[in-house]
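Reading the structure
Residue strings, one per chain:
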Amino acid sequence: MGVRKNLKRATAYYEMAAKGGDVDAQLALGYNHLNGIGVPSDAMCAFGWYRLAAKQGDAKASFSLGQMFAQGVGVPQSKARALRHFRDAASLGHARAARWLKKLEQR
């Protein structure tokens, strides 16, 4: 807002903040790496950023990790690991995680 869009510069700022422990920056980098926004698509890099944010108790990051394991995106598909991450996210109030958890537990 108010400046020319520059994804390369934005990524550099996100990385500085994320390395300093900023959860929102870690989430943004995870999303951007997973979806190839401003950086080449790299699911393992996305996983690393999401994992850092999840370790700080972020529900969105735990949910994203659960989705990655449930769908086998960048990591081996694992129902057990997906359930663990969905449980973590649901316990932090993430409604979509609770729905995924219920769906996976029924299978």
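The following refers to the structure shown. Along every chain, residues carry numbers that run from 1 in the direction the sequence is written. Only residues with pLDDT of at least 70 get local features here, since the model is predicted, and only at 80 or more are side-chain atom pairs given and counted; chain-wide, interface and lining totals rely on the full set of residues. Excluded from the side-chain calculations are hydrogens and water; all other atoms, namely the structure's heavy atoms, are used.

**Side note on the side chain of asparagine 32**
In DSSP terms, a helix is any run of H or I states spanning at least four residues, a strand is any run of E spanning at least two, and both are numbered starting from the N terminus. Structurally, asparagine 32 is set in helix α2 (residues 23-35). Of the residues examined, asparagine 32 reaches a relative accessible area of 12% and is grouped as buried. Every residue pair with non-hydrogen atoms within 4.5 Å of one another is taken to be in contact. Sequence-distant contacts of asparagine 32, that is, excluding residues within four places in its chain, are made with Tyr14, Ile37 and Val39. Throughout this description, buried means an accessible area under 20% of the type-specific maximum (1.4 Å probe, protein chains only), exposed means over 50%, and partly exposed covers the range between.

**A word on a nonpolar patch on the surface**
Patch building starts from residues that exceed 30% relative accessible area and form no salt bridge, then joins like charges within 9 Å and nonpolar side chains (Val, Leu, Ile, Met, Phe, Trp, Tyr) within 5 Å. Shrake-Rupley sampling with a 1.4 Å probe provides the accessible areas, and residues are treated as covered by the protein chains on show and by no other component. Any Lys or Arg side-chain nitrogen found within 4 Å of a carboxyl oxygen on Asp or Glu counts as a salt bridge. A surface patch of nonpolar side chains, about 260 Å² in accessible area, is lined by Leu7, Tyr31 and Ile37. By secondary structure assignment, the location of leucine 7 is in helix α1 (residues 7-19).

**Notes on the pattern of salt bridges**
Applying the stated rule across the entire model yields 1 salt bridge. Here arginine 87 ties to glutamate 105 by a salt bridge, and the two come within 3.3 Å at their closest N and O atoms. Taken together, the residues arginine 87 in helix α5 (residues 79-91) and glutamate 105 in helix α6 (residues 95-106) connect sequence positions 18 residues apart. Accessibility expressed as a relative area gives 41% for arginine 87, which makes it partly exposed. Residue classification places glutamate 105 among the partly exposed positions, given a relative accessible area of 45%.

**Details of α6**
Expected span of a helix, by definition, is 1.5 Å for each gap between consecutive residues, and there is one gap fewer than residues. Across its 12 residues, α6 extends 17 Å between first and last C-alpha, which sits within 8% of the 16 Å expected from 1.5 Å per residue. Along α6, the residues classified as buried are Ala97, Leu101 and Leu104. Viewed along the axis of α6, the buried residues span an arc of 70 degrees, placing them on a single side of the element. Facing away from the buried surface of α6 by more than 90 degrees, the exposed residues are Arg99, Lys102 and Gln106. Of the surrounding secondary structure, the elements contacted by the buried residues of α6 are α4 (59-71) and α5. Note that the arc is computed from the directions linking the helix axis to the C-beta atoms.

Shape descriptors only; they carry no functional weight alone.
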